[in-house]
Amino acid sequence: MDLTFFGLTSDTASETRKNILTEVHEIVFHGGGGYVWSEVYNMPIYLRRFTLAKLKQHFDQVKEASKPKDSQKQTLVDSSGKVNVKQFKAASSKYK
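Since the structure is predicted, the reported quantities are computational estimates derived from the model, not experimental observations. (Residues numbered from 1 in each chain as written. Predicted model: local features only at pLDDT ≥ 70, side-chain atom pairs only at ≥ 80, totals over all residues. Heavy atoms only, no water.)

## Points about the overall build of the protein chain
Counting its regular elements, the protein chain contains four helices and zero strands. Mapped in sequence order, the helices and strands of the protein chain form the string α-α-α-α. The buried share of the protein chain, taken over its 96 residues, is 11%. For the protein chain, the exposed surface amounts to about 8400 Å²; the carbon and sulfur share of it is 58%. (Helix = DSSP H or I, 4+ residues; strand = E, 2+ residues; numbered from the N terminus. Buried < 20%, exposed > 50% of the residue type's maximum accessible area, 1.4 Å probe, protein only. Areas by Shrake-Rupley, 256 points an atom, 1.4 Å probe, with all protein chains shown as cover.)

## A few points about the packing of helix α1 (residues 13–30) against helix α3 (residues 45–66)
Two elements in contact, α1 and α3, have axes whose closest approach is 10 Å; the angle formed by their N-to-C orientations is 50°. Classified by the angle their axes make, α1 and α3 are oblique. Between α1 and α3 lies a crossing of left-handed hand. Facing α1, whose interface residues are Ile20, Glu23, Val24, Glu26, Ile27 and His30, α3 presents Arg48, Arg49, Thr51, Leu52, Leu55 and Phe59. Among the residues making up the contact of α1 with α3, the classes are represented as six nonpolar, two polar and four charged. (Axes fitted to C-alpha atoms, helices over the stretch in contact; angles between N-to-C directions. Parallel < 35°, antiparallel > 145°, perpendicular 65-115°, else oblique. Left-handed = near helix turned anticlockwise from the far one by under 90°. Contact = heavy atoms within 4.5 Å. Nonpolar A, V, L, I, M, F, W, Y, C, P; charged D, E, K, R; others polar.)

## Quick look at the environment of Lys86
Residue position: Lys86 is located in helix α4 (residues 85–92). What makes Lys86 exposed here is its relative accessible area of 72%.

## Let's talk about the pattern of salt bridges
Under the counting rule described, the total for this entry stands at three salt bridges. Two residues, Arg48 and Glu23, come together in a salt bridge whose shortest N-O distance is 2.9 Å. In this pair, Arg48 is assigned in helix α3 and Glu23 in helix α1, connecting sequence segments 25 residues apart. In this structure, Arg48 and Glu23 share a single accessibility class: buried. Note that Glu23 and Arg49 form a salt bridge whose closest N and O atoms lie 3.1 Å from each other. Placement of Glu23 in helix α1 and of Arg49 in helix α3 is noted, with a sequence separation of 26 residues between them. Here Glu23 falls in the buried class, since its relative accessible area comes to 14%. A single salt-bridge network, built from bridges that share partners, covers Glu23, Arg48 and Arg49. (Salt bridge = Lys/Arg side-chain N within 4 Å of Asp/Glu carboxyl O.)

## With respect to a nonpolar patch on the surface
Where nonpolar side chains cluster on the molecular surface, the patch consists of Leu21, Val36, Trp37 and Tyr41 and spans about 340 Å² of accessible area. Here Trp37 shows up in helix α2 (residues 37–41). Exposure remark for Trp37: the relative accessible area of 41% places this residue in the partly exposed category. (Patch = residues over 30% accessible without salt bridge, like charges linked within 9 Å, V, L, I, M, F, W, Y side chains within 5 Å.)

In structure tokens form, the structure reads like this:
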């Protein structure tokens, strides 16, 4: 008979442990060297989740900023697979 007063049963314990360790790993791995495993593991839950959310927000912003804008895209090969000679010459002239 499992006691469920705190909401953790033997059925959910392994999944909960996996989620905790995943959160700790993500913060330590993607934290840029600013976090130590033991410190993150012992963080209060609210602080650990806040830190993880901020890291996710940061990396989402970096990803969005690195996407080329539609006006910046330049295609030297058309949809049929042929090279556009005029655009190719213009693009390669700065590398001569």
